Amino acid sequence: MEGKMTQRKTALIVLTGLILLFTGMYVSLIFNRNIWTDEAYTMELVYGNHFWGIIQNTANDVHPPLYYLIVKCFVLIFGESFAVCKIVSIVPMTLTMLLAVTHIRPWWGERAAVLFLIMVNAVPCVLEYAVQMRMYSWALFFVTWAGLGACGMCMADDRRFRRHCCIQLTAAGILACYTHTYAMLSCVCIYTLLCVCALLRSRKNRDWTLLTASLISGGIVAVCYLPWLFVLLKQTLSRIENYWIEPVTWEVVRRYPAFLFESRLPGSTALYLVLCGVAVLVCILRCCKPDGGKREGLTALLMLAVPLMTALAGIVVSVMVTPFFIARYLLPCMGLLALFLALAFQGKHGGVQILIGVFGLSMVIESYQRNYQMEYCSTHTEELLAYMKEHIEPDDLIAYNYELYGFIYEIYFEDRVTFLSDVDFAGDFGSIWYFDSCVTPWLEAQVLEQNGLEKEFIMTTGIEQNEFQLYQIRHKE
């Protein structure tokens, strides 16, 4: 008994240490002012609107409003800053990892919990999007929580425990639906699989309690999502044949695994696919054995079924209606993929688990190095901001000619920024700092001549992935 208690305490220390380590890893990537277009949209929407305004604006976009409302709450409490907005995305990653302690460890053991922690952070695309000002990490947490709630309902024989899991599933399902459209679709897949399992179990045992609870939970989620369903239909109809996503072809589908698993480690995508294939075989063999392990094997396969069904649904919609699916929309399912791998290998020999752990940690290290490079070294943003802080004067203006990036420049320079066509060159100003992206409209030399101005090239720089020539325009002496 004392040995088991010591083992449990050691496992808890290991799990806690891994959670703190991975959370610290994410936090170390947020101390920069490097954002991309969608992140700038998040900041513009949250900073420029109250709660009702956020809901109205997201109704005209393609995503539900919950994530933006969460960011607004954080901003109201902690203030407007890049770090605060990025912390909002790290919080759900920590919550997802805590599920290893609250759900996975009690249900499937310490080894499954450790494997889950490693593998959920080992998917390369997860680390990239977990520190961005977008909703994907929240969607990942809610979908993973919903999947675990469904598992708990199926495993439980105690009605009180089943009711507790049903409440969790319902809450997670509602939150997922209002976070991302494909998180909603993943929850539909979870409920579909749950109802099929409940129906088979109910017919066998002549006890319809599980099926009834599943249908009631799904009905509550559907009713709560109904107000936004009409918005979703409007959003979808308005973007048919008018959306930025490329047509879904076989070649595009073949690139989905590379988006999820590709890294600078040679053959990482192939290794992930092989690992998943081996895990499927292991689970099938477990299901065929009458002497135990069947439940874990079947549960693992059902976890894998959710991302596969989500992808299939997205592909069908994209082919039959209009392109609406990209590999990034599978991010909310990556927690369930990690759980699939953890359950598949948690009963194997310790050497196999060590190899998988080493592979996962290697992927974490490589992904961290790549994302560190992306966050701190891939753009000229910090260089530009430092130069502007040193040289810009209170009466100076900033002009730009790449209209699409105007709202991004406003995030950094607020009301100093003016589109080139709207600049009054005869006005009262000190200097004009001109961001020339070498696109139309062009700054005509005669405009400068007529207003007694001259242009001096400063440097080639940029914000986000948009490089431009920085010029200083001032009055001739």
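Residues numbered from 1 in each chain as written. Predicted model: local features only at pLDDT ≥ 70, side-chain atom pairs only at ≥ 80, totals over all residues. Heavy atoms only, no water.

### Things to note about the overall build of the protein
Rules: Working definition: helices are DSSP H or I runs of at least four residues, strands are E runs of at least two. Numbering for both runs from the N terminus. Residues are treated as being in contact if the distance between any of their heavy atoms lies within 4.5 Å. Per-residue and other accessible areas follow the Shrake-Rupley method at a 1.4 Å probe size, with only the shown protein chains counted as cover for residues. Two residue types count as positive, namely Lys and Arg, and two as negative, namely Asp and Glu; His and chain ends fall outside the count. Think of each charge as sitting on NZ of Lys, CZ of Arg, CG of Asp or CD of Glu.
Tallying secondary structure elements over the protein gives 20 helices and five strands in all. Dimensions of the protein, computed from C-alpha atoms along their principal axes, come out at roughly 90 × 45 × 45 Å. Contacts in the protein between residues far apart in sequence, at least 24 positions, make up 74% of those at least 6 positions apart. Surface accessibility of the protein: about 22300 Å² in total, with carbon and sulfur atoms responsible for 63%. When the 34 positive and 40 negative side-chain charges of the protein are each reduced to one mean point, those points stand 23 Å apart.

### Re the sheet that holds strand β2 (residues 417-419)
Rules: Here, any two strands with at least 2 DSSP bridges between them count as paired. With axes taken as lines fitted to C-alpha atoms, and helix axes fitted only over the stretch in contact, angles between N-to-C directions fall between 0 and 180 degrees.
With mixed pairing, five strands are arranged side by side in an open sheet as β2-β1-β3-β5-β4. The sheet terminates laterally at β2 and β4 (453-463), the two strands that pair on one side only. Within this sheet the neighbouring strands show an average axis-to-axis angle of 25 degrees, counted without direction. Bridging between strand β1 (residues 397-400) and β2 involves three bridges; their strand directions are parallel. The residue bridging Tyr400 from the neighbouring strand is Phe419, located in β2. On top of the sheet, helix α18 (residues 381-391) reaches β1, β3 (431-436), β4 and β5 (466-475); it is set at about 145 degrees to β4, its chief contact. In this fold helix α19 (residues 406-413) packs onto β1, β2, β3, β4 and β5, with an angle of close to 95 degrees to the strand it touches most, β4.

### Points about the pairing of β1
Here is the rule we go by: A crossover gets the label right-handed when its path from the first strand over the helix to the second runs clockwise, viewed with the strands pointing away from the viewer.
Bridge count for β1 against β3 is four bridges, and the pairing is parallel. Considered in β3, the bridge of Ala399 is made with Tyr434. One crossover worth recording links β1 to the parallel β2 by way of α19, and it is right-handed.

### Quick notes on the confidence of the model for the protein
Our working rule: Known as pLDDT, the predictor's confidence for each residue is given on a scale from 0 to 100.
Mean pLDDT over the protein works out to 91, with 98% of the residues at or above the 70 mark. No element of the protein has a lower mean pLDDT than helix α1 (residues 2-27), at 86, and none a higher one than helix α4 (residues 66-78), at 97.

### Some details on unusual backbone geometry
Residue Pro441 follows Thr440 across a cis peptide bond; omega there is 0 degrees. Tracing the sequence through the fold places Pro441 in the loop between β3 and α20 (445-450). If you check the backbone angles, Glu414 has positive phi at about 55 degrees while not being a glycine. Mapping Glu414 onto the fold places it in the loop between α19 and β2. Positive phi is not limited to glycine here, since Cys438 has a value of about 60 degrees. Along the polypeptide, Cys438 turns up in the loop between β3 and α20.

### Side note on the environment of Gly219
Put simply, the rule is: Note on exposure labels: buried denotes an accessible area under 20% of the residue type's maximum, exposed denotes more than 50%, and partly exposed covers the range between, all computed with a 1.4 Å probe on protein chains only.
By the element assignment, Gly219 lies in helix α11 (residues 209-238). Take Gly219: its relative accessible area is 28%, and that puts it in the partly exposed class. Sequence-wise, Gly219 and Thr170 are 49 residues apart; in three dimensions their C-alpha atoms are separated by 9.3 Å.

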